[in-house]
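# Chains, contacts and geometry: an overview
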Amino acid sequence: MEHGEGSRQSGDNTPRESSPFINNTDHDRGNYYDGKNMALFEEEIESNPMVSSLLNKLANYTNLTQGVTEHEEYENEDGVTKISSQMGTFIGVYLPCMQNILGVILFLRLTWIVGTAGIMESFAIVVMCCTCTMLTAISMSAIATNGVVPAGGSYYMISRSLGPEFGGAVGLCFYLGTTFAGSMYILGTIEILLTYIVPNTAVFVAEKKEDETEAMLNNMRVYGTCCLALMALVVFVGVKYVNKLALVFLACVVLSIMAIYAGVIKTVIEPPNYPICLLGNRSLQNHNFEKCMKTEVIKNVTYTTELWKLFCDSPHLNATCDEYFTLNNLTEIQGIPGLLSGVIKDNMWGEYGPSGMLVEKKNQSSVPVQDNSRDIYKPYIFNDISTFFTLLVGIYFPSVTGIMAGSNRSGDLRDAQRSIPIGTILAIATTSFIFLSCVCITFNWVYFYYRFGNSVNKNLVIGTLAWPSPWVIVIGSFFSCCGAGLQSLTGAPRLLQAIARDGIVPFLQVGRCLVMVKPMGNLPGLESSLHHWMLLPPFSQCECLALFFLMCYLFVNLACAVQTLLRTPNWRPRFKFYHWTLSFLGMSLCLSLMFISSWYYALVAMSIAGCIYKYIEYRGAEKEWGDGIRGLSLNAARYALIRLEEVPTHTKNWRPQLLVLLKLDSDLGVKHPRLLSFTTQLKAGKGLTIVSSVLEGTYMTLGAEAKSAEQNVKSAMHLERTKGFCHVVVSSNLRDGFSHLIQSAGLGGMKHNAVLMAWPGGWKQAEDSYPWKNFIETVRETTSAHQALLVAKNIDKFPCNQDRLGEGTIDVWWIVHDGGLLMLLPFLLRQHKVWRKCKMRIFTVAQMNDNSIQMKKDLQMFLYHLRLNAVVEVVEMHDSDIAAFTYEKTLVMEQRSQMLKQMQLSRTEREREVIDTSVIPQAQLITKLGTKSHANLSDTATATPDHHVHMTWTKDKLIAERNRKRGEPNVGVKDLFNMKPNQSNVRRMHTAVKLNEVVVNKSQGAQLVLLNMPGPPKNKGGDENYMEFLEVLMDGLDRVLLVRGGGREVITIYS
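Presented here is an overview of the structure given in this document. Predicted model, so just to flag it, every value in this text is computed and none were measured.

Thresholds, definitions, all that
Residues numbered from 1 in each chain as written. Predicted model: local features only at pLDDT ≥ 70, side-chain atom pairs only at ≥ 80, totals over all residues. Heavy atoms only, no water. Helix = DSSP H or I, 4+ residues; strand = E, 2+ residues; numbered from the N terminus. Contact = heavy atoms within 4.5 Å. Disulfide = S-S within 2.5 Å. Buried < 20%, exposed > 50% of the residue type's maximum accessible area, 1.4 Å probe, protein only. Salt bridge = Lys/Arg side-chain N within 4 Å of Asp/Glu carboxyl O. Phe/Tyr/Trp six-rings, centres within 6.5 Å; stacked < 30°, edge-to-face > 60°. Lys NZ or Arg CZ within 6 Å of the ring centre and 35° of its normal. Patch = residues over 30% accessible without salt bridge, like charges linked within 9 Å, V, L, I, M, F, W, Y side chains within 5 Å. Areas by Shrake-Rupley, 256 points an atom, 1.4 Å probe, with all protein chains shown as cover. Lys, Arg positive; Asp, Glu negative; His and termini not counted. Charge placed at Lys NZ, Arg CZ, Asp CG, Glu CD. Core = buried A, V, L, I, M, F, W, Y, C linked by side-chain atoms within 4.5 Å. Axes fitted to C-alpha atoms, helices over the stretch in contact; angles between N-to-C directions. Parallel < 35°, antiparallel > 145°, perpendicular 65-115°, else oblique. Left-handed = near helix turned anticlockwise from the far one by under 90°. Pairing = 2+ DSSP bridges.

## Thoughts on the overall build of the protein
Scanning the protein from terminus to terminus reveals 35 helices and 17 strands. Expressed as a percentage of contacts within the protein between residues at least 6 apart in sequence, the contacts between residues at least 24 apart total 80%.

## Re the state of the cysteines
Within this structure, the stated rule accounts for two disulfides. The residue that forms a disulfide with Cys277 is Cys292, at a sulfur-sulfur distance of 2.0 Å. One disulfide, between Cys277 and Cys292, carries an S-S torsion of 75° and so falls in the right-handed class. Within this pair, whereas Cys277 is found in strand 1 (residues 275-279), its partner Cys292 is found in the loop between strand 2 (282-283) and strand 3 (295-298), the two being separated by 15 residues in sequence. Taking the relative accessible area as the measure of exposure, Cys277 reaches 3% and is therefore buried. Residue classification places Cys292 among the buried residues on the basis of a relative accessible area of 14%. The disulfide that involves Cys312 links it to Cys321, with 1.8 Å between the sulfurs. With the S-S dihedral at roughly 105°, the linkage between Cys312 and Cys321 falls on the right-handed side. Relative accessible area serves as the criterion here: at 10%, Cys312 is assigned to the buried category.

## A few points about the pattern of salt bridges
For the structure on display, the rule yields twelve salt bridges. A salt bridge links Glu214 to Arg221; the nearest nitrogen and oxygen atoms lie 3.9 Å apart. Taking the relative accessible area as the measure of exposure, Glu214 reaches 42% and is therefore partly exposed. Residue Arg780 pairs with Glu777 through a salt bridge whose shortest N-O separation is 3.4 Å. With a gap of three residues between them, Arg780 and Glu777 both fall in helix 27 (residues 770-784), about one helical turn apart. Each member of the pair, Arg780 as well as Glu777, carries the same accessibility label: buried.

## Concerning helix 24 (residues 674-683)
Burial runs high along helix 24: nine of the ten residues are buried. Along helix 24, the residues classified as buried are Leu675, Leu676, Ser677, Phe678, Thr679, Thr680, Gln681, Leu682 and Lys683.

## Section: the packing of aromatic side chains
The final tally for this structure, using the stated rule, is 23 aromatic pairs. Ring centres of Trp759 and Phe775 lie 5.2 Å apart, and the angle between their planes is 80°; on these two criteria the pair is classed as edge-to-face. Linking Trp759 in the loop between strand 9 (754-758) and helix 27 with Phe775 in helix 27, this pair joins segments that are 16 residues apart in sequence. A single burial state applies to Trp759 and to Phe775, both of which are buried. Plain terms: the ring middles of Trp814 and Phe862 are 6.2 Å apart, the flat faces sit at 15° to each other, and that makes the pair stacked. Here the residue Trp814 occupies a position in strand 11 (residues 809-814), and Phe862 occupies one in helix 29 (residues 852-865), the gap between them amounting to 48 residues. By relative accessible area, which is 28% here, Phe862 ends up partly exposed. By way of ring pairs, the aromatic residues Trp308, Phe311, Tyr324, Phe325, Tyr380 and Phe382 are connected into one cluster. Across the ring face of Phe325, the terminal group of Lys294 is positioned such that the distance to the ring centre comes to 4.6 Å.

## Concerning a negative patch on the surface
Where like charges cluster on the molecular surface, the negative patch consists of Glu207, Glu210, Asp211 and Glu212. By the secondary structure assignment, Glu212 is in helix 9 (residues 212-237).

## Considering the nonpolar core
Counting residues in each nonpolar core, the largest one holds 137 residues, and the members touching the most others are Tyr396, Phe397 and Phe435. Excluding residues within four positions of it along the chain, Phe435 makes contact with Ile101, Leu102, Leu106, Leu110, Val126, Tyr396, Ser399 and Val400. In this structure, Leu676, Val691, Val834 and Leu859 belong to the second largest nonpolar core, which totals 56 residues.

## A look at the packing of helix 6 (residues 110-144) against helix 14 (residues 389-396)
In contact at an axis separation of 10 Å, helix 6 and helix 14 are set at 70° when each is read in the N-to-C sense. It follows from the interaxial angle that helix 6 and helix 14 lie roughly perpendicular. As helix 6 runs across helix 14, the sense of the crossing is right-handed. In contact with Leu110, Trp112, Ile113, Thr116, Ala117, Glu121, Ile125, Val126, Met128, Cys129 and Cys130 of helix 6, helix 14 contributes Phe389, Leu392, Val393, Ile395 and Tyr396.

## Considerations on the environment of Ile434
Structurally, Ile434 can be placed in helix 16 (residues 416-439). The sequence separation of Ile434 and Leu102 amounts to 332 residues, and the corresponding C-alpha distance is 9.0 Å.

## A few points about the sheet that holds strand 6 (residues 658-661)
Taken together, the ten strands give an open sheet; going across it, the order is 8-7-6-9-10-17-16-11-12-13, and neighbouring strands pair in mixed fashion. Edge positions in the sheet fall to strand 8 (725-731) and strand 13 (871-876), since each has one partner strand and no second. Neighbouring strand axes in the sheet, compared pairwise and without regard to direction, differ in orientation by 20° on average. Bridging between strand 11 and strand 16 (residues 1008-1012) involves four bridges; their strand directions are parallel. Within the sheet, the bridge partner assigned to Asp811 lies in strand 16 and is Val1009. Here helix 24 sits on the sheet and contacts strand 6, strand 7 (689-696), strand 9, strand 10 (788-793), strand 16 and strand 17 (1040-1044); the angle it forms with strand 6, its principal contact strand, is near 170°.

## A closer look at the sheet that holds strand 2
Pairing in this open sheet of three strands is antiparallel, and the strands run 2-1-5 from one edge to the other. Across the chains shown, the open sheet's two edge strands, defined by having one partner strand only, are strand 2 and strand 5 (330-334). Judged from the two bridges that link them, strand 1 and strand 2 form a sheet pairing that is antiparallel. Considered in strand 2, the bridge of Leu278 is made with Ser283.

## Section: the pairing of strand 6
In strand 6, alternate side chains face the same way, and those of Leu658 and Val660 on one face and Leu659 and Leu661 on the other are all buried. Across three bridges, the pairing between strand 6 and strand 9 is parallel. Across the sheet, residue Leu658 finds its bridge partner in strand 9, namely Ala754. Of the pairings in the sheet, the one linking strand 6 to strand 7 comprises four bridges and is parallel in character.

Interpretation note: all reported values are geometric properties and have no functional meaning in isolation.
Here you go:
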């Protein structure tokens, strides 16, 4: 097999599992064995490497993905093939997680969240979100330390733990989350740029007060698109430059946080001067005036201020002013009163409100007015959106995402199993402390409530606290958002590359070459997606973004919990500080936060993941990664099988669990595919179906043919839409093989209770008697095993799954009671669309002493209680003399049987004479009757069962025995024409002929005829006559299903 394929065959035709250490090129395979001191294992070396070779491969193994390696080589300016440097815990995990967690939400929204929710509820939000990420990090650490994690990070962990369907669905959702996180960082960059750095460069300027929010959003979209194009160009040209600038951006974040803490300490000694102007108890936007006063006295002359002009119709003292402005006084308070001012107590509880609500200070006195219609045109501060607790949770959660930054770089880490747990948990602990401490920053409630710092002259709210200058926070947050946006643009394509490489999502195969050769190949589509994403309002972006990440974290916790509870032998993580209860707690917290943030967006995200899951399940590639879902299915199946075996199946739950016995042609193809079609129509995917066949020979010589036949049968099952299991066995003869299948097919409580096979149509023309003898032995074994038997005659004339039978009937000839199987089968068939329009008719036979009218009434009442709709007809069969035709047909049958026996004896004589007695002077045959096969039992004369039979032949004995046989008169041939038919056979033939006449008369035009199958004779000497009886019974009918019950009731009138 060529290098790069998933598996190869070993010397014993056993497929070997893919491994980065075992699957090697032919050039490497030559180095496995050298010398003669290991000659005992020489044949094993062809498929299994020496330990030294394995360890050498392990030492040189890299978990860098092919696409990443090629991309890094492509970026190398010197043209020398190099692998990127292996990073440690601090550089490779801790700092990237810190950079992704500490970003736009901390600098732009945290103060607004605290001002809205208050310190206590803000603590609750931060604790919930940080607890969620910490529990997820513990689960992720357990998975990441359970073996090598190649590039792909969280997607690799989920897909290998929960299967390709979950992995692909969650991986694509995580890709969308990582992608759209870039838009959040880009919009944060533009907000800082337009609001705090260069506010005069806006393209859209609102002419009306109510249009300011829309103008701001339009400016962010225009500048955001330009910024996105610039970032995409940087990423496309050189990823390595982004990685080099990452430390610079992170340094800006660290310096900004240090400046915040330095400013907090400075407030104890010298609080900064950031006054806030209040009119009554209403806060004012102070970027249009400098002095918080109505009038001022200059040289004993009273002048009006700029604030006066905002509330009055003229700058004169006799101007008409706003009523609220006239009745209330102006008050100036400090925005940062200091740690000792008691402001923490004032900000302990928040207040939510609708959009357009005035921001007022609770403890400040004011004189209310009646008319507030003109307040929107005054320089008050309003709620620009409706606020409530769940909204704040959705807005805040994206700030704690980024914990996967270390695991996504697993391919670049020196020791991923050590670095990922330590670096991720330390980063979460550090950032949690930073967030919790920032909640306690001593701001006045009115001061930091508004998001854009309108009450402090358009300054960044958290920047006013920084020391030595607010510009430290402004510049630091700007570069932090830029760096996080670039990291999102580089991380998302690599994640998509890992998904495309696995080949589990069909629609990703279209652009797979572009993605695989260069991970940034999907940047144009990425840029288009981000451009459309930025059209959404920022708060909606945060909520959707939070849900994508929460879904990923939920499945990481689920993967750890499943693996822990299953206790699979391969689950041996080096990280020991985990427990399945923590994983379930994290999973529950993730699910709760999803619906707390936005229940409708949660349903949308889950629907997207569900659609991707079903798409991969039906159209994706089948992968076997030893995932936990497969192990969970095995455990559930084992538990169910044990429960099924404890209690026998009740009649109400009985349904035919079929063992389908197929015949294969010379090319190992299915000889009668319509038998599978009929199985599909009868089962409709419900219950157990085992499709099996037998190859004659030994498994050592026919092992490959058996696997090929099994694949052919599976292909036929797929074409005929037969849902079930396939099993092809190799046996010394067909009879033994079918016997083993009837006895041992299935497992535990999931065993078949009915056997379906085709009628041996050419049994009369066969050269030997094996076909019909095997058939009769199968009938006897199913009877002994208390299993039902279904035999389909003319199976090739049965309808396929695409046929739709129109008007027609399914006729049931109920001769003897078989447990109700004859009436249950038509009901099951009519559930399928092929037979749905057919009507059901039930015929029964009345003898001379039976009351046919009463029988019909009783049968109709019985069907009524069974809830079956069928037409009932009672056929009267009176006693009549046996016709000459019946005698003649019976006589011909017996003469044919006698002739075949004579021919069989003659053939045996000829075969015995072929023996070369000169070559074998003495041959001894020792046979133990207790170990005879089915074929020997049916052809060998009876012998004493409790001892060995010793037959020693010599040349003289052989000649004497042959002369004795030749001397005997051939009695069978002489008396062949003087035979008289056996009376028992005549009666059976008479029944078959008369019943066939009635059935053909009533049901010749039926779509299907179901008949009671009579049992074979107890005396095996009449087996051939039994086959003739069945042929006569079914003569003249196209589609016949012989049914023989299993000896138990299968249908009941009780509920």
